[in-house]
Amino acid sequence: SPILLLFRRVRSCQGVAPRRRARTMSRIDTGPPLNVHKLTNVEAQRIMLILDETFIKLSLLSLIPGGQMPEDEVLPELIGPEIHQVLREQALLEQQYESVSNPASNEPVKGLPDFETLDDELRHSSRVVSRMLTEDRAIVDKVEASMGGFERDASMMKFLDTFKELKHQIFQKMSTSV
């Protein structure tokens, strides 16, 4: 993923001589220069809070199996028909997103929305599912129990580990006075 590649490139520059590091880092497009000011304590705490919330939401989303929901009658009874419908719609959107983003040929997939529309719908659905799981974490346990357990995706686990490490490094940098 682009985030992981960027993280690896930045990390590989640690411990490199400053002149070489500047040359290496200059190849990374960081966008326009930002008006940097020293963060207040409240701003730093807010950044860490946002990172913590993001990590929790990503962790919860990773516990729901992507693109697959059991068709039995047990799960809707356990979690309720409304929540089951939201999870089924999320799984369907994920399947459609995979089909549109990785087509077998370069022709558009018939009967599916375009990539941008699907991307917007998937973002909205992910927010809804994330909010739902944050409010009632028992949903994850019930889904897992009805599916007989499942393995989380290895790439997602790697991403979560990298995100956690990045969060720790940001905390260290913000708590170090200059």
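Student: Teacher, can you tell me more about the packing of helix 3 (residues 41-62) against helix 8 (residues 154-175) here?
Tutor: Two numbers describe a pair of packed helices, the interaxial angle and the distance between the axes. The interhelical angle for the contact between helix 3 and helix 8, taken along N-to-C directions, is 170°, at an axis separation of 11 Å. In terms of orientation, helix 3 lies roughly antiparallel with respect to helix 8. Across the interface between the two elements, Ala44, Ile47, Met48, Leu51, Asp52, Thr54, Phe55, Leu58, Ser59 and Ser62 from helix 3 touch Met156, Phe159, Leu160, Phe163, Lys164, Lys167, Ile170, Phe171 and Met174 from helix 8. A class-by-class count of the residues in the contact of helix 3 with helix 8 yields 13 nonpolar, three polar and three charged.

Student: Can you help me understand the nonpolar core in this one?
Tutor: As a rule of thumb, soluble globular proteins bury nonpolar side chains together. Among the nonpolar cores identified, the biggest contains 12 residues, and these are Leu60, Ile64, Leu75, Ile79, Ile83, Leu87, Val129, Met132, Leu133, Ile139, Val140 and Val143. Mapped by element, the contributors of at least two residues to this core are helix 4 (74-79), helix 5 (81-101), helix 6 (115-135) and helix 7 (138-147). Once residues lying within four places of it in the same chain are set aside, the contact partners of Ile139 are Ile79, Ile83, Leu87, Met132 and Leu133.

Student: Sorry, what's going on with the packing of helix 5 against helix 6 here?
Tutor: With their axes 9 Å apart at the nearest point, helix 5 and helix 6 run at an angle of 150° to one another. Crossing of helix 5 over helix 6 shows left-handed handedness. Residues Ile83, Val86, Leu87, Gln90, Leu93, Glu94, Gln96, Tyr97, Val100 and Ser101 of helix 5 form the contact with helix 6, whose participating residues are Phe115, Leu118, Asp119, Glu121, Leu122, Ser125, Ser126, Val128, Val129 and Met132. Each residue belonging to the contact of helix 5 with helix 6 can be placed in one class, and the counts come to 12 nonpolar, five polar and three charged.

Student: Would you take a moment to explain the confidence of the model for the protein chain for this structure?
Tutor: Low pLDDT marks regions whose predicted coordinates should not be analysed in detail. Confidence along the protein chain averages 77 in pLDDT terms, with 70% of residues attaining 70 or more. Ranking the helices and strands of the protein chain by mean pLDDT puts helix 8 first, with 91, and helix 1 (residues 2-12) last, with 47. Note that pLDDT drops below 50 for residues 1-8; the model gives that stretch nine contacts with residues more than four away or on any other chain. Segment residues 10-18 is flagged for pLDDT under 50; beyond a separation of four residues in sequence, or across chains, it makes nine contacts in the model.

So, how was this worked out
- Residues numbered from 1 in each chain as written.
- Predicted model: local features only at pLDDT ≥ 70, side-chain atom pairs only at ≥ 80, totals over all residues.
- Heavy atoms only, no water.
- Axes fitted to C-alpha atoms, helices over the stretch in contact; angles between N-to-C directions.
- Helix = DSSP H or I, 4+ residues; strand = E, 2+ residues; numbered from the N terminus.
- Parallel < 35°, antiparallel > 145°, perpendicular 65-115°, else oblique.
- Contact = heavy atoms within 4.5 Å.
- Nonpolar A, V, L, I, M, F, W, Y, C, P; charged D, E, K, R; others polar.
- Core = buried A, V, L, I, M, F, W, Y, C linked by side-chain atoms within 4.5 Å.
- Buried < 20%, exposed > 50% of the residue type's maximum accessible area, 1.4 Å probe, protein only.
- Left-handed = near helix turned anticlockwise from the far one by under 90°.
- pLDDT = per-residue confidence, 0-100.

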